[in-house]
Amino acid sequence: MNVQVEPAKLKAKDFASDQEVRWCPGCGDYAILKAVQVALAEMGAEPDNTVFVSGIGCAARFPYYMATYGFHTIHGRAPAVATGVKLANPDLDVWVVSGDGDALSIGGNHLLHVLRRNVDVQFLLFNNEIYGLTKGQYSPTSKVGQKSPSTPQGSIDAPVDACTFALGCNARFVARGIDIQAKNLGHIFKRARDHKGASFVEIIQNCIVFNDNAFAHFTEKSAAEDTQIHVVHGERLIFGAEGNKGLRIKPGAFELEVVTIGEGGVTEQDILFHDETNRVLAGLLVSMKPPEMPVALGVIYCDPAPSYEAAVREQVEAAKSKGLGDLDVLLRSGNTWTVT
Ligand SMILES: Cc1ncc(C[n+]2csc(CCOP(=O)(O)OP(=O)(O)O)c2C)c(N)n1
Ligand code: SF4
């Protein structure tokens, strides 16, 4: 008699490889690694069907620590390799891990294309506003005035906001989380994995060695409630330690403003609802910065569109349905020359 046995449910530790994790003690990357492993176990992911692709940097060591397939590729090129993996086998669950330098300096062009093409991969950008691996040079997300070995007098570059960049590339899923907020990250990872198409996730990550406390003004416990807003589709954009602050469209202007419910005639009815399918609202939310505005966290934008590998598959099947071609005939057709 054949007895069907349910496969044992995997735990987070089943997604951890036997490699010694070699980030600096206290690095935010540890918490993200744990959150990914927990989320994969909870989602019932299969290690044999999961691939982590990375470029170069501290963040890019990620695939070594996962008991899944992995590919530590070259600087900035993880999106190109991940696109190839997904096209070769669309059934694979493909994740990309990248730093702000890897994704937005040398790899900016490649990130653009994986997002605009809407390849079904989850792109995790660990943003520590610095080049960690190469010992702390400034990056495209570093603030103006940031002192580093390559900007001894302070950076004069205007920084790029990662989520604004992603929206500009026409990404159909844009989310933001913080390394130490495991529960929120887990929720975002699940939403990102469920989304068919490119899912862009910015993770605020503390580099304790070269840029410690770069985000403390909104990640510190004492400041968090008044400087973070966790957006939820269909719910009002309310935040604050007392739950009485909210976002509304500033009267007479096309911009958001923070108001306090109960002050100046403001009621809860004045506060906007979060609509994750609204691209314009997403653009306004991702660009908010403290101290004037809170930092938007959670799934900020999600409006699915057909994914790239599905369209490629369709074209390949359509071509195949016309019958097998003949390469020799093709090469000898049209304008040909005989070189003597
Ligand atoms: C072609 C090439 N150019 C430059 C480098 C040097 N390099 C290695 S990692 C890196 C940037 C790392 O910063 P980031 O992507 O933000 O990741 P982090 O180390 O902070 O996680 C640079 C410039 C390289 N390895 N290859
Ligand atoms: S240099 Fe920074 S980002 Fe790299 S492992 Fe150390 S703490 Fe983490």
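Data block above holds the structure.
Residues numbered from 1 in each chain as written. Chains lettered and ligands numbered in written order. Predicted model: local features only at pLDDT ≥ 70, side-chain atom pairs only at ≥ 80, totals over all residues. Heavy atoms only, no water.

A word on the side chain of Ser139
Here's step 1: Mapped onto the fold, Ser139 is located in the loop between strand S4 (121-127) and helix H5 (162-168).
Here's step 2: If we skip the residues at most four places from it in the chain, Ser139 touches Asp100, Glu129, Ile130 and Tyr131. (Helix = DSSP H or I, 4+ residues; strand = E, 2+ residues; numbered from the N terminus. Contact = heavy atoms within 4.5 Å.)

Considering the packing of helix H2 (residues 78-88) against helix H4 (residues 108-117)
Here's step 1: The interhelical angle for the contact between H2 and H4, taken along N-to-C directions, is 35°, at an axis separation of 8 Å. Across the interface between the two elements, Pro79, Ala80 and Thr83 from H2 touch His110, Leu111 and Val114 from H4.
Here's step 2: Broken down by class, the residue content of the contact of H2 with H4 amounts to 4 nonpolar, 2 polar and no charged. (Axes fitted to C-alpha atoms, helices over the stretch in contact; angles between N-to-C directions. Nonpolar A, V, L, I, M, F, W, Y, C, P; charged D, E, K, R; others polar.)

Digging into the pairing of strand S9 (residues 245-249)
Here's step 1: Two elements, strand S8 (residues 238-239) and S9, share 2 bridges in a ladder whose sense is antiparallel. Directly across from Phe239, in S9, lies its bridge partner Lys245.
Here's step 2: Once S8 ends, the chain turns through 5 residues before running back antiparallel as S9, passing Gly240 with a positive phi of about 105°.
Here's step 3: Note that S9 and strand S10 (residues 256-260) share 5 bridges and pair antiparallel. For Gly246, the partnering residue across the bridge sits in S10 and is Val259.
Here's step 4: Where S9 folds back onto S10 in an antiparallel hairpin, the turn is made up of 6 residues, including Gly252, whose phi is positive at roughly 80°. (Pairing = 2+ DSSP bridges.)

Observations concerning the sheet that holds S9
Here's step 1: Strand order across the open sheet formed by 3 strands is S8-S9-S10, with antiparallel pairing between neighbours. With one partner strand each, in any of the chains shown, S8 and S10 form the two edges of the open sheet.

Some words on the nonpolar core
Here's step 1: Formed by 45 residues in total, the largest nonpolar core has its most connected members in Leu115, Val174, Phe200, Leu247 and Leu285.
Here's step 2: In terms of residue count, the dominant contributor to this core is helix H9 (residues 279-286) (5 residues).
Here's step 3: Counting 31 residues, the second-largest nonpolar core is a separate cluster that includes Ala39, Ala41, Ala59 and Ile188. (Core = buried A, V, L, I, M, F, W, Y, C linked by side-chain atoms within 4.5 Å. Buried < 20%, exposed > 50% of the residue type's maximum accessible area, 1.4 Å probe, protein only.)

With respect to the site of ligand 2
Here's step 1: Around ligand 2, the structure places Trp23, Cys24, Cys27, Cys58, Asn128, Gly132, Gln205, Cys207, Ile208, Val209 and Phe210.
Here's step 2: Looking at the shell around ligand 2 residue by residue, the class counts come to 8 nonpolar, 3 polar and no charged. (Near = heavy atom within 4 Å.)

A word on the sheet that holds S4
Sheet strands pair by backbone hydrogen bonding; their relative direction is either parallel or antiparallel.
Here's step 1: Pairing within the open sheet is mixed, and its 8 strands lie in the order S2-S1-S3-S4-S6-S5-S11-S7. Sheet topology places strand S2 (69-72) and strand S7 (228-231) at the edges, where each strand pairs with a single neighbour. On average, adjacent strands in this sheet sit at an angle of 20° to one another, irrespective of strand direction.
Here's step 2: The pairing of S4 with strand S6 (residues 199-204) spans 6 bridges and is parallel. Considered in S6, the bridge of Phe126 is made with Ile203.
Here's step 3: Each of strand S1 (50-54), strand S3 (93-99), S4 and S6 touches helix H1 (residues 29-43); the most contacted strand, S4, lies at about 160° to it.
Here's step 4: Those strands touched by helix H6 (residues 182-194) are S3, S4, strand S5 (173-178), S6, S7 and strand S11 (295-302), and its axis lies near 160° from that of S5.

Section: the pattern of salt bridges
Here's step 1: Tallied over the entire structure, the rule returns 17 salt bridges.
Here's step 2: Where Arg172 meets Asp303, a salt bridge forms, and the shortest distance between an N and an O atom there is 3.3 Å. One end of the pair, Arg172, is in the loop between H5 and S5; the other, Asp303, is in the loop between S11 and helix H10 (308-320), and 131 residues separate them in sequence.
Here's step 3: Classification of Arg172 by relative accessible area gives buried; the value is 18%.
Here's step 4: Given the relative accessible area of 25%, Asp303 is considered partly exposed. (Salt bridge = Lys/Arg side-chain N within 4 Å of Asp/Glu carboxyl O.)

A short note on the site of ligand 1
Here's step 1: Around ligand 1 there are 16 residues in total, and Cys58, Gly101, Asp102, Gly132 and Leu133 lie nearest to it.
Here's step 2: Here Ile130 contributes a backbone N or O atom positioned 3.1 Å from an oxygen atom of ligand 1.
Here's step 3: Considering ligand 1 on its own, with 590 Å² of exposed area, one finds that the protein chains cover 72% of that surface.
Here's step 4: The biggest single contributor to the shell around ligand 1 is helix H3 (residues 100-106), with 4 residues.
Here's step 5: Among the residues making up the shell around ligand 1, the classes are represented as 7 nonpolar, 7 polar and 2 charged. (Polar contact = N/O pair within 3.5 Å; in protein donor to acceptor, adjacent residues only side chain to side chain. Areas by Shrake-Rupley, 256 points an atom, 1.4 Å probe, with all protein chains shown as cover.)

Some details on the side chain of Arg176
Here's step 1: When you line up the elements, Arg176 lands in strand S5.
Here's step 2: A relative accessible area of 3% means that Arg176 is categorised as buried.
Here's step 3: Of the polar contacts made by the side chain of Arg176, one reaches the backbone oxygen of Val286; its length is 2.9 Å.
Here's step 4: What Arg176 contacts, discounting residues up to four positions off in sequence, is Asp161, Cys163, Ile188, Glu202, Ile204, Val286, Val295, Ala296, Leu297, Gly298 and Ile300.

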